[in-house]
Amino acid sequence: MQRVELSKNVNLHVHPCKKFKDVTMEMNCALPIEETGATSLVLAFLLDDVCNSIRLKQEVAKICDDLYGAEFEVNEVSKGFSGILKFTIRCIDGRYVSEKDLLEKQVFLMHAFMMDPYFVDGLFYGPLFEEGKKKALTAISMALDDAPSVVLEEAMALYGSTLAKRCLPSVDDVMAVTNEDVVALYQKCMRECCIDFFVLGNVVEDEVVRLFQKMFVFEDRDASLKMYTASHKEGYVEKVMEKKLSQSSVCLLYEDGIAYTDEDVVALMLMNGMLGGLPTSLLFQVIREEKSLCYTIGSENYIYDGVIQIGYECEKKQIEPIFALVQEQIAVLQKGKFSEELFEMTKKMYKSSWRGSSDFASSMIWDDYRSRILGYEDSIETMCKKMDAVTREDVMRVSQRLVLKVKCMLVEKEEL
């Protein structure tokens, strides 16, 4: 993979790869997590719609059709300390359609949408801005349409740190966003933040570099890029909320104190898979399959925050019995009383999943981006070798670091 500095803290990464029939281009703009929220959510919708040179949605659709079904999207992804404004465009490799300038058209389309927004008198076009706010409100409403999402958001807010900063904005927050706010954030992205372009596909590196150097001109910027942390919260907090529901939902947040760059991070991944991250896990097999106490249960490793999240849905009367069983399964890992079969099977499943992810361009680009952030290669094969080296004692050690910090419950409201 070739890396070219377009300007200070603006980089182009070209990854030639013959396994895909598409060429995928991605632009990642890293914002400090404090800069994300309602304004960045609205901005993503504004950049995803039209641009100054293509002002009608019908024109956008026609251009994508002319590019043999090109697809593009703009979204916001939050991880650890960073919120990433991500623009992705996928277009068929020109070799399959005998069109030599298809790559140039793809680069032009990325430039049009990211560098030339639909501004009128220095602001986003009024109707476009209002539509972007409506889309943001709809997205929030849809995200909070189920109990697990509601209880997770509340648990993250109670925990604080980077998790609280990644909570969805409120309706009032979105309504308060002004056109000036969004323009200011867009300008900050283009002038002050770390930007990384990725091009993955069967491309000629020098040709990609030539096109990007021709079309994308940026000012140097002094910016830093950090994503991972090991969060810490003082004390323990518990909260119960009530709502008319068919079943209750519970979210538990455990600190593990492990940052992504720690040596124990792969052991932590394995431990999470054994605990609740996979269908073969203790939580799923013991609590759901054997005892049939809940509808769903599982764990998720917030690996860039140093937090393990456990969530389950059940009848209200089963909340505490299940909680006790969760603690028991954690103790099983801490004391090393898990089977060799579970240990080896979980290793095998993770390695298979990681290797399978190389069949997706988005996963390969994320691997490249993560390596860029870390400053060293963090490839799939490197991770697989580290996974092979994890011992039972490693799993015991990282599980012993789990400390419950938040217990949040959304329970069925009893009729009077």
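Refer to the structure above for everything that follows.
Thresholds, definitions, all that
Residues numbered from 1 in each chain as written. Predicted model: local features only at pLDDT ≥ 70, side-chain atom pairs only at ≥ 80, totals over all residues. Heavy atoms only, no water. Pairing = 2+ DSSP bridges. Helix = DSSP H or I, 4+ residues; strand = E, 2+ residues; numbered from the N terminus. Axes fitted to C-alpha atoms, helices over the stretch in contact; angles between N-to-C directions. Contact = heavy atoms within 4.5 Å. Phe/Tyr/Trp six-rings, centres within 6.5 Å; stacked < 30°, edge-to-face > 60°. Buried < 20%, exposed > 50% of the residue type's maximum accessible area, 1.4 Å probe, protein only. Core = buried A, V, L, I, M, F, W, Y, C linked by side-chain atoms within 4.5 Å.

A. Spatial organisation of the sheet that holds strand β13 (residues 403–412). Read from one edge to the other, the open sheet built from five strands follows the order β9-β13-β10-β12-β11, with strand pairing classed as mixed. Where the open sheet ends on each side, the last strands, each with one partner, are β9 (237–243) and β11 (296–302). In this sheet, adjacent strand axes meet at a mean angle of 15° when their direction is disregarded. Of the strand pairs in this sheet, β9 and β13 are connected by seven bridges, and their pairing is parallel. Each residue of the ladder has a partner; that of V240, found in β13, is M409.

B. Representation of the sheet that holds strand β1 (residues 2–7). Reading across from one edge, β1-β2-β8-β3-β5-β4 is the order of the six strands in this open sheet, with mixed pairing throughout. Two strands close off the open sheet at either side, each with one partner strand: β1 and β4 (71–79). Each neighbouring strand pair of the sheet contributes to a mean axis angle of 20°, computed without reference to strand direction. Where β4 lies against strand β5 (residues 82–92), nine bridges are found, and the strand directions are antiparallel. Within β5, the position partnered with E73 by the bridge is T88. This element, helix α14 (residues 361–374), spans β1, β2 (10–16), β3 (22–32), β4, β5 and β8 (194–201) of the sheet and lies at about 140° to β8.

C. Main features of the packing of aromatic side chains. Under the definition given, this model contains 17 aromatic pairs. Measuring from centroid to centroid gives 5.2 Å for Y260 and Y304, while their planes differ by 15°, and the two rings are stacked. With Y260 in the loop between β10 (248–255) and α10 (265–277) and Y304 in the loop between β11 and β12 (307–314), this pair connects stretches of sequence that are 44 residues apart. On the basis of an interplanar angle of 35° and a centroid distance of 5.8 Å, the ring pair of Y350 and W354 is categorised as tilted. Pair noted here: Y350 and W354 are both in helix α13 (residues 340–356), with a separation of four residues, about one helical turn. Residues Y350 and W354 agree in their burial class; the two are buried.

D. Region of interest: the nonpolar core. The biggest cluster of nonpolar side chains holds 68 residues, and the ones touching the most others in it are Y254, Y312 and V326. No other element matches the nine residues that α10 contributes to this core. Y118, L128, I140 and V177 belong to the second largest nonpolar core, which has 64 residues in total.

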